[in-house]
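Understanding the architecture of this molecule
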Amino acid sequence: MSKLRLTLACWDYDRTRALADGRVAPEGIDLNLLPLDVEETFFRMLRGREFDAAEMSLSSYCVSLLRDDPAFVAIPVFPSRFFRHGCIFVSTRSGIRQPADLIGRRIGVPEYQMTAPVWIRGLLADDYGVDPASVQYFTGGEEEPGRDEKLKLSLPPRFSVTPIGPDQTLARMLADGEIDALHTARTPSTFYSRPDDVKRLFPDFVGVEKAYYRRTGIFPIMHVIAIRRDVYEANRWIARSLFKAFIAAQRITYDNLAVTSAMTSMLPWQVAAVEDARAELGDDWWPYGLDRNRAVLDTFLRYHHEQGLSARRLQPEELFAPETFEAFKI
């Protein structure tokens, strides 16, 4: 019997590898998985809708949902999660020593609507009183000139967002002191090449992030899996089929990480890292599904609205195909 052939673009994660090599096959689907870098996947899906389904920035997806003709529908699978305190970098020329020092400063962001800066701005506002509208934002390529927002934005006038010059990069501007700080998903190259000029705002970011989780219960979600809406509407069963397959692939990774006779990664202290993750976040420390992630998603959607990216505050249920909310029971 023939199966529905779908192309899915998603980075080469340990938690998706069983989908790529065929150990897990979505029911009724012949899956062609393209292991592309996330920036390429986002660009091609948002600009050209090239794939049947793809990993997608949570923020970009939320922006797209409020367009007149929403192009995508997501399933509650989160291939990327990331604590972001360690992704706030400062120029040593700025004199910034603590979060409150960011107020009134020049902050670089590759794109204002990126998910990582949304989380960073939100946690800085909630925990340190840094109003997202109290700084000037400068957008553009972190390492290469010429980057612009993948989605056209219409922000309230209280937010100051200015593109950098056509030959400038945020990484170099940070090191040279032309911007005071950088909110980003990728560590800037100048953090390594010019360590005297670029530092983390939180040097002990792991300790800060653990304390944040203990206080809030939030392990920030970065990406979802989005299906092109026309593909979904033609075969609504694929939402549940893909959801089940991602869970099965993730289960293999959990099982492999529990093996202590040999290590599945090149991390020397992998066993200790797994034990630490379980102690801090529980056995299922990377949960999929709506119910387990409702509070995390609701916090993000509040930030998204407060930062001018969504005209109204979305609700978590609006994000996902309803076929993924419930399963049959015997």
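That block above? That's the structure.
Let us look at the structure shown here. Computed from a predicted model, the values in this text were never measured in an experiment. (Residues numbered from 1 in each chain as written. Predicted model: local features only at pLDDT ≥ 70, side-chain atom pairs only at ≥ 80, totals over all residues. Heavy atoms only, no water.)

Take the overall build of the protein chain next. What the protein chain contains, in helices and strands, is 11 helices and 11 strands. Along the three orthogonal principal directions, the C-alpha set of the protein chain runs to about 65 × 50 × 35 Å. Taken across its 330 residues, the protein chain has 52% of its residues classed as buried. Pairs at least 24 residues apart make up 78% of the contacts formed inside the protein chain by residues separated by at least 6 positions. Total accessible area on the protein chain is roughly 15400 Å²; 52% of this is exposed by carbon and sulfur atoms. (Helix = DSSP H or I, 4+ residues; strand = E, 2+ residues; numbered from the N terminus. Buried < 20%, exposed > 50% of the residue type's maximum accessible area, 1.4 Å probe, protein only. Contact = heavy atoms within 4.5 Å. Areas by Shrake-Rupley, 256 points an atom, 1.4 Å probe, with all protein chains shown as cover.)

Across the sheet, which stays open at both edges, the five strands sit in the order β2-β1-β3-β11-β4 with mixed pairing between neighbours. Looking at the sheet topology across the chains shown, the edges are occupied by β2 (29-34) and β4 (72-75). Averaged over all neighbouring strand pairs, the angle between strand axes comes to 35 degrees, with direction disregarded. As defined by bridge partners, β4 adjoins strand β11 (residues 223-228) across four bridges and the pair is classed as antiparallel. Each bridged residue has a counterpart across the sheet, and for Ile75 the counterpart in β11 is Ile225. Against the sheet, helix α2 (residues 38-48) engages β1 (4-9), β3 (53-57), β4 and β11, with an angle of about 110 degrees to β3. (Pairing = 2+ DSSP bridges. Axes fitted to C-alpha atoms, helices over the stretch in contact; angles between N-to-C directions.)

On to empty space enclosed by the protein. Taking a probe equal in size to a water molecule and rolling it over the atoms shows the remaining empty space. Taken as a whole, this structure holds one cavity of 30 Å³ or more when the rule is applied. Leu102, Ile107, Arg121, Leu124, Val130, Asp131, Pro132, Val135, Tyr137 and His183 are the residues that line the largest cavity. Partitioned by chemical class, the residues of the lining of the largest cavity number seven nonpolar, one polar and two charged. (1 Å grid on protein atoms, 1.4 Å probe; cavity = no way out; pocket = protein on both sides within 12 Å on 5 of 7 lines; lining within 4 Å. Points joined across faces, edges and corners; volume = space filled by probe spheres on them. Nonpolar A, V, L, I, M, F, W, Y, C, P; charged D, E, K, R; others polar.)

What follows concerns the sheet that holds strand β5 (residues 88-91). A sheet is described by the order of its strands in space; here six strands give the open sequence β8-β7-β6-β9-β5-β10, paired in mixed fashion. Where the open sheet ends on each side, the last strands, each with one partner, are β8 (160-163) and β10 (198-200). Between one strand axis and the next, the sheet turns through 30 degrees on average, direction left out of account. As judged from the four bridges shared by strand β6 (residues 106-109) and strand β7 (residues 136-139), these two strands associate in the parallel manner. Note that in β7 the partner of Val109 across the bridge is Thr139.

Another aspect to go through is the pattern of salt bridges. Across all of its chains, the model carries 30 salt bridges by this definition. Across the salt bridge formed by Lys244 and Glu27, the nearest N and O atoms sit 3.0 Å from each other. Remark: Glu27 occurs in the loop between α1 (17-20) and β2 and Lys244 occurs in helix α9 (residues 237-257); sequence separation between them is 217 residues. Of the residues examined, Glu27 reaches a relative accessible area of 48% and is grouped as partly exposed. Here Arg214 ties to Glu280 by a salt bridge, and the two come within 2.5 Å at their closest N and O atoms. Of this pair, Arg214 sits in helix α7 (residues 205-216) while Glu280 sits in helix α10 (residues 270-281), and the two are 66 residues apart along the sequence. Among the charged side chains, a network of salt bridges with common partners joins Glu40, Arg44 and Glu50. (Salt bridge = Lys/Arg side-chain N within 4 Å of Asp/Glu carboxyl O.)

Next up on the list: the layout of surface pockets. A volume near 200 Å³ is recorded for the second largest pocket. Lining of the second largest pocket is provided by 15 residues; of these, Thr139, Asp148, Glu149, Thr162 and Pro163 occupy positions nearest its centre. Residues that form the lining of the second largest pocket fall into these classes: six nonpolar, six polar and three charged.

Before going further, it helps to examine the side chain of Asn293. As for its position among the elements, Asn293 is in the loop between α10 and α11 (294-306). Contact partners of Asn293, with chain neighbours within four places excluded, come to Phe78, Arg81, Ile221, Pro287 and Tyr288.

With that settled, the discussion passes to the packing of aromatic side chains. Taken as a whole and judged by the stated rule, the model has 15 aromatic pairs. With centroids separated by 5.3 Å and ring planes inclined at 65 degrees, the aromatic side chains of Phe89 and Phe191 adopt a geometry described as edge-to-face. With Phe89 in strand β5 and Phe191 in helix α6 (residues 189-193), this residue pair connects regions lying 102 residues apart in the sequence. Judged on exposure class, the residue Phe89 and its partner Phe191 are both buried. Relative to Tyr303, the ring of Trp119 lies with its centre 5.8 Å away and its plane at 90 degrees, an arrangement referred to as edge-to-face. Linking Trp119 in helix α4 (residues 115-128) with Tyr303 in helix α11, this pair joins segments that are 184 residues apart in sequence. For Trp119, a relative accessible area of 1% puts it in the buried group. The ring centre of Phe82 lies 3.8 Å from the NZ or CZ of Arg84, which sits over that ring. (Phe/Tyr/Trp six-rings, centres within 6.5 Å; stacked < 30°, edge-to-face > 60°. Lys NZ or Arg CZ within 6 Å of the ring centre and 35° of its normal.)

Where α4 meets α7, the axes come as close as 13 Å, and the angle between the chain directions of the two elements is 70 degrees. Judged by the angle between their axes, α4 and α7 are roughly perpendicular. Contacts between α4 and α7 involve Trp119, Leu123, Asp127 and Tyr128 from the first element and Val208, Tyr212 and Arg215 from the second. Counted by class, the contact of α4 with α7 contains five nonpolar, no polar and two charged residues. (Parallel < 35°, antiparallel > 145°, perpendicular 65-115°, else oblique.)

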